[in-house]
Amino acid sequence: PTSNNALGATCGPTSRRPPARGPAAPPAMATRDLTTMSVLDESALTTNMRAMLDDGVIYARSGQLLISLNPFRPLALYNEETLLEYRTAPNPASLQPHIYGVAAEAHARLIDRGRSQTIIISGESGTGKTENAKYVMQYLASTVIPKDAAQAAQASEGGALGLLSSFFSSKPSNVASGSTSLHERLLRSNPLLEAFGCARTAHNANSSRYGKFIELRFGRTGKLSECRLTTYLLEKSRVVSHGSAERSYTALYALCAGASRAERSTLSLAPSSAAEAFVYLQPCALRAGEDDSATMATVRDAFERLGVGA
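Here the structure is a predicted model, which means the values were calculated and not measured.

Enquirer: In this structure, what is going on with the overall build of the chain? I would like to understand it.
Expert: The helix and strand tally for the chain stands at ten helices and six strands. Counting every position in the chain, which comprises 310 residues, the buried fraction comes to 35%. Within the chain, contacts between residues at least 6 apart in sequence are counted, and of these 57% link residues at least 24 apart. Surface exposure of the chain reaches about 18,600 Å², of which carbon and sulfur atoms provide 55%.

Here you go:
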């Protein structure tokens, strides 16, 4: 009753409104823990996010919520050393906010509580959902290496460099078709999803044009044992129609640029057929950082690792 009366005194019709507050002053230093901010409104949050981005920081935490910014430039945040830091930490939540930390906490709770965990990645187009989902899968796939082995390697004289190298390599390999391990097949599914489900839009060079639900199952020891992927709402109309500054699906341009003579013969493509020859693939101009031939090599390698024949 006391708290109800106090609430009524503060918010009732006869109470005086609090004085209007002006724009939040820029923080002296960007904070990565939003719960420590004395004022948390749109202006203060935007100011803090801008200061973070200026410092090359893209992750902030608000309780269990991780806020991610897209820097639109490469950052050295996703490497073997960083992943191992979160894999071996007694309490990942005590480390700086990072997408690896979200995956680490979910995996730890899965093992400790024996209950399924859910990670929801949402945001507008171009905010980095596809990339963050990829790094979550990368971390969870690394659980095939026991934590004690990771800790021992990290404590060794030479460090843990090389222990997780296969989780960061995107180069084609000489692995026999279908003989790749489960975690490698999981990671190699990403290039296929991006090639056949992503396209350039006016705001995003690699925009997912579909939704996906990824289900990963783990054994009692926390080791990855099964994975299942469900896709839905693919934008089929993009195959025949897209904006003047956009492209159709990446796989189509990759095929035209990097298909071998044998593949062209099988698909009835002329030896010199380029994307420019097809009306539905206009425009075809590449942007900085795009390489359709390299994409085709990556897609071909992914098919081989997954045991998918020509």
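Structure shown, so let's carry the discussion forward.
Enquirer: Before we go on, may I ask you to explain the environment of L286 in this structure?
Expert: Within the fold, L286 resides in the loop between α9 (261–266) and α10 (292–305). Along the primary structure L286 and R247 are separated by 39 residues, whereas in three dimensions their C-alpha atoms are 9.9 Å apart. Setting aside its immediate chain neighbours within four residues, L286 contacts R200, R247 and D292.

Enquirer: What am I meant to see in the packing of aromatic side chains here?
Expert: By convention here, two paired aromatic rings are described through the distance between centres and the angle between planes. Counted according to the given criterion, the structure contains six aromatic pairs. When the ring of Y100 is compared with that of Y139, the centres are 6.2 Å apart and the planes differ by 35 degrees; the resulting orientation is tilted. Here Y100, found in helix α4 (residues 99–113), pairs with Y139, found in helix α5 (residues 129–141); they are 39 residues apart in sequence, far enough to count as distant. Among the residues examined, Y100 registers a relative accessible area of 0% and is labelled buried. With a centroid separation of 6.2 Å and an interplanar angle of 65 degrees, the aromatic rings of F196 and F303 are classed as edge-to-face. Within this pair, whereas F196 is found in helix α7 (residues 182–197), its partner F303 is found in helix α10, the two being separated by 107 residues in sequence. F303 gets classed as partly exposed once you look at its relative accessible area, which sits at 27%. Following the ring pairs from residue to residue traces out a cluster consisting of Y78, Y86, Y100, Y135 and Y139. Stacked on the ring of Y253, the Lys or Arg R247 has its end atom at 3.9 Å from the ring centre.

Enquirer: Just to check I follow, could you spell out the pairing of strand β6 (residues 224–232) for this structure?
Expert: Remark: a regular strand shows side chains that alternate across the two faces of the sheet. Relative to β6, strand β5 (residues 211–218) runs antiparallel, the two being bridged by eight bridges. Within β6, the residue paired with I214 across the bridge is L229. The loop that links β5 with its antiparallel partner β6 comprises five residues; one of these, G222, has a positive phi angle of about 95 degrees.

Enquirer: I would appreciate a short explanation of unusual backbone geometry in the present structure.
Expert: With glycine set apart, most residues show a phi of negative sign, and most peptide bonds adopt trans. That bond from Q282 to P283 is cis: its omega, -5 degrees, falls within 30 degrees of zero. On the secondary structure map, P283 appears in the loop between α9 and α10. Within the chain, F72 stands out as a residue other than glycine whose phi angle is a positive 55 degrees. Within the chain, S268 stands out as a residue other than glycine whose phi angle is a positive 60 degrees. Inspection of the secondary structure puts S268 in the loop between α9 and α10. Given the relative accessible area of 67%, S268 is considered exposed.

Enquirer: How do you make sense of the confidence of the model for the chain when you look at a structure like this?
Expert: Of all residues in the chain, 81% have pLDDT values of 70 or greater, and the mean over the chain is 83. Taken together, the stretch residues 1–27 has pLDDT below 50 and engages in twelve contacts with residues farther than four places along the chain or on a different chain.

Enquirer: Just checking my understanding: could you explain the packing of helix α8 (residues 250–258) against α10 for this structure?
Expert: A pair of packed helices can be characterised by two numbers: the angle between their axes and the separation between those axes. Where α8 contacts α10, the axes come no closer than 7 Å and their chain directions differ by 100 degrees. Between α8 and α10, the angle falls in the class roughly perpendicular. Here T250, Y253, A254, L255, A257 and G258 of α8 come into contact with α10, specifically with D292, S293, T295, M296 and R300. Its residues placed into classes, the contact of α8 with α10 shows five nonpolar, four polar and two charged.

Enquirer: Would you explain a nonpolar patch on the surface in this entry?
Expert: Nonpolar side chains collect at one region of the surface, where V239, V240, V279 and Y280 lie side by side and expose about 400 Å² of accessible area between them. Mapped onto the elements, V239 comes out in the loop between β6 and α8. Accessibility expressed as a relative area gives 37% for V239, which makes it partly exposed.

Enquirer: Got a minute to help me understand the layout of surface pockets in this structure?
Expert: With a probe scaled to a water molecule rolled over the atoms, the places where space remains empty come into view. Computed from the structure, the second largest pocket encloses a volume of approximately 860 Å³. For the second largest pocket, the lining is made up of 30 residues, of which Q64, L65, L66, V102 and I120 are closest to its centre. Of all the secondary-structure elements, those providing two or more residues to the lining of the second largest pocket are α2 (42–54), β1 (59–62), β2 (65–68), α4 and α5. By residue number, the principal contributor to the lining of the second largest pocket is α4, which donates six residues.

What counts and how
- Residues numbered from 1 in each chain as written.
- Predicted model: local features only at pLDDT ≥ 70, side-chain atom pairs only at ≥ 80, totals over all residues.
- Heavy atoms only, no water.
- Helix = DSSP H or I, 4+ residues; strand = E, 2+ residues; numbered from the N terminus.
- Buried < 20%, exposed > 50% of the residue type's maximum accessible area, 1.4 Å probe, protein only.
- Contact = heavy atoms within 4.5 Å.
- Areas by Shrake-Rupley, 256 points an atom, 1.4 Å probe, with all protein chains shown as cover.
- Phe/Tyr/Trp six-rings, centres within 6.5 Å; stacked < 30°, edge-to-face > 60°.
- Lys NZ or Arg CZ within 6 Å of the ring centre and 35° of its normal.
- Pairing = 2+ DSSP bridges.
- pLDDT = per-residue confidence, 0-100.
- Axes fitted to C-alpha atoms, helices over the stretch in contact; angles between N-to-C directions.
- Parallel < 35°, antiparallel > 145°, perpendicular 65-115°, else oblique.
- Nonpolar A, V, L, I, M, F, W, Y, C, P; charged D, E, K, R; others polar.
- Patch = residues over 30% accessible without salt bridge, like charges linked within 9 Å, V, L, I, M, F, W, Y side chains within 5 Å.
- Salt bridge = Lys/Arg side-chain N within 4 Å of Asp/Glu carboxyl O.
- 1 Å grid on protein atoms, 1.4 Å probe; cavity = no way out; pocket = protein on both sides within 12 Å on 5 of 7 lines; lining within 4 Å.
- Points joined across faces, edges and corners; volume = space filled by probe spheres on them.

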